[in-house]
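Working through the structure, step by step
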Amino acid sequence: MDADIIKQKPNKIKKRTYFTYAISSAKDFTCVLPALVLLAIFTYYPIVEVIRISFTDWNLINDSYKYVGFKNWEWLFAGSGTKYLLNSLKITALYSLGEIAITLGGGLLFALLFNQITKTFSVLRAVVFMPRYVAMSSAAVVFLWILNTDNGILNYFLGTLGLGKVDWLGNKSTALISVLILTGWRAIGYGMMIYLSAMLSIPKDYYEAAALDGANSFKRFWKITIPMLSPTTLFLLVTTFISSMKVFQSVDILTDGGPYRSTEVIVFMIYKYAMQDFRMDRASVVAVFFFIILLIVTALTMKVSKKSVNYDS
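Notes on the structure follow.

So, how was this worked out
- Residues numbered from 1 in each chain as written.
- Predicted model: local features only at pLDDT ≥ 70, side-chain atom pairs only at ≥ 80, totals over all residues.
- Heavy atoms only, no water.
- Helix = DSSP H or I, 4+ residues; strand = E, 2+ residues; numbered from the N terminus.
- Buried < 20%, exposed > 50% of the residue type's maximum accessible area, 1.4 Å probe, protein only.
- Contact = heavy atoms within 4.5 Å.
- Areas by Shrake-Rupley, 256 points an atom, 1.4 Å probe, with all protein chains shown as cover.
- Axes fitted to C-alpha atoms, helices over the stretch in contact; angles between N-to-C directions.
- Parallel < 35°, antiparallel > 145°, perpendicular 65-115°, else oblique.
- Left-handed = near helix turned anticlockwise from the far one by under 90°.
- Phe/Tyr/Trp six-rings, centres within 6.5 Å; stacked < 30°, edge-to-face > 60°.
- Lys NZ or Arg CZ within 6 Å of the ring centre and 35° of its normal.
- Salt bridge = Lys/Arg side-chain N within 4 Å of Asp/Glu carboxyl O.
- Core = buried A, V, L, I, M, F, W, Y, C linked by side-chain atoms within 4.5 Å.
- Polar contact = N/O pair within 3.5 Å; in protein donor to acceptor, adjacent residues only side chain to side chain.

1. Re the overall build of the chain
The helix and strand tally for the chain stands at 13 helices and zero strands. Among the 313 residues that make up the chain, the fraction classed as buried is 35%. Within the chain, contacts between residues at least 6 apart in sequence are counted, and of these 66% link residues at least 24 apart. For the chain, the exposed area adds up to about 19,300 Å²; of that, 68% sits on carbon and sulfur atoms.

Encoded structure:
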């Protein structure tokens, strides 16, 4: 009899464990349920809707629409939309490369310059980082005046140097550069602060050991600082790439996609089809294609970086 009771106890313990685990899991799920509902309503449902709309002929001017299959996709890849898509992809890629170079290269340069714990350098770091807090729309309006051809302060300084006026926002060769000037002014401080925080976490023993071995400052930077900053560089690369691909406000305010589509990045192209041409179907198909590009490039970046990123720090 006692042996039967002893045999039954483990089963009861297991049942109690499973029951307790189920109750705990239900409580955890209840805690995250509001976040899941918000994600479903404001993230996943819009994605599904955009994909659905890409297979329709929805024009905001008309009250009704119908499904047209892959007609919009044919327009994008084998019709009149192809040249505009290729142009926007090229402009977006150039802008993205420029922002990445400014954020990573300029941020690292400023981090090395201000990597000292003194009051003076703290003030300088704050001055460089401060533009990050300025709203892009407000900054773009200020830069409209700075880059103005006739009354802009930038052309005024160029005139004092004996140089001619530059039509920064009205010339195809300088319009995208003008947008990048605004972007760099806001982004370089962010890259600096991220790199500075990573530099402070690098153990000083590495530098002391390298100095004892006779390594000069450049070798210490190249062999220790750069490898130890690789996780930070990867983080900045991915986040800056994603944010640069979604640029819109600066282009909308400064150039409105012009002149002659020279600054028409892909997000502005989507906005133009949806809100100016009222072609939600074409805007949706470009948006879906853009979403796929972001997924593929981000996945490739993460895969390639696994071989070259050092997480020892």
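2. Brief notes about the packing of helix α5 (residues 136–146) against helix α7 (residues 172–200)
At a minimum axis separation of 11 Å, α5 and α7 run at an interaxial angle of 130°. Taken together, the axis directions place α5 and α7 in an arrangement best described as oblique. In terms of crossing hand, the pair formed by α5 and α7 is right-handed. Within the contact between the two elements, α5 uses Met 136, Ala 139, Ala 140 and Phe 143 and α7 uses Ile 181, Leu 182, Trp 185 and Arg 186.

3. Some words on the packing of aromatic side chains
Applying the stated criterion to the full structure yields 14 aromatic pairs. Ring geometry for Phe 110 against Phe 114: centres 5.8 Å apart, planes inclined by 50°, an arrangement best described as tilted. Among the aromatic residues, ring-to-ring pairing joins Phe 55, Phe 70, Trp 73, Phe 77 and Phe 289 into one connected group. In this structure, Arg 132 is placed above the aromatic ring of Tyr 190, and the distance from its NZ or CZ to the ring centre is 4.3 Å.

4. Focus on the pattern of salt bridges
Evaluation of the coordinates by the stated rule reveals five salt bridges. A salt bridge links Lys 66 to Asp 57, with the shortest nitrogen-to-oxygen separation between them at 3.1 Å. Classification of Lys 66 as exposed rests on a relative accessible area of 52%. For the salt bridge of Arg 261 with Glu 264, the shortest nitrogen-to-oxygen distance reads 2.8 Å. Residue classification places Arg 261 among the partly exposed residues on the basis of a relative accessible area of 26%. You can call Glu 264 buried: its relative accessible area is 2%. Among the ionic contacts, a cluster of salt bridges with common partners joins Arg 261, Glu 264 and Lys 272.

5. Describing the nonpolar core
Grouped together as the largest cluster of nonpolar side chains are 43 residues, with contacts concentrated most on Leu 76, Met 192, Tyr 195, Leu 229, Val 286 and Phe 290. At the level of elements, α2 (71–78), α3 (81–113), α4 (119–129), α7, α9 (217–228), α10 (230–245), α12 (266–276) and α13 (280–305) are the ones that each hand at least two residues to this core. Element by element, the count of residues in this core is highest for α13, at nine residues. Dropping the residues within four chain positions of it, Leu 229 is found in contact with Leu 108, Tyr 195, Ala 198, Met 199 and Ile 202. Grouped together as the second largest cluster of nonpolar side chains are 20 residues, Ile 91, Leu 158, Val 179 and Val 251 included.

6. Some points on the side chain of Ser 262
Inspection of the secondary structure puts Ser 262 in the loop between α11 (249–254) and α12. Among the polar contacts made by the side chain of Ser 262, one reaches the main-chain carbonyl oxygen of Pro 259 at a distance of 2.8 Å. If near-sequence neighbours (up to four positions away) are discounted, Ser 262 is found in contact with Ile 91, Lys 172, Ala 175, Leu 176 and Gly 257.

7. Points about unusual backbone geometry
Looking along the chain, the bond that leaves Gly 258 and enters Pro 259 is cis, with omega of -5°. One non-glycine residue, Asp 256, lies in the positive phi region at around 55°. By the secondary structure assignment, Asp 256 is in the loop between α11 and α12. According to the relative accessible area criterion, Asp 256 is partly exposed, its value standing at 46%. Phi is positive for Phe 278, which is not a glycine, with a value near 60°. When its relative accessible area of 35% is taken as the criterion, Phe 278 is described as partly exposed.

Geometry only, nothing functional implied.
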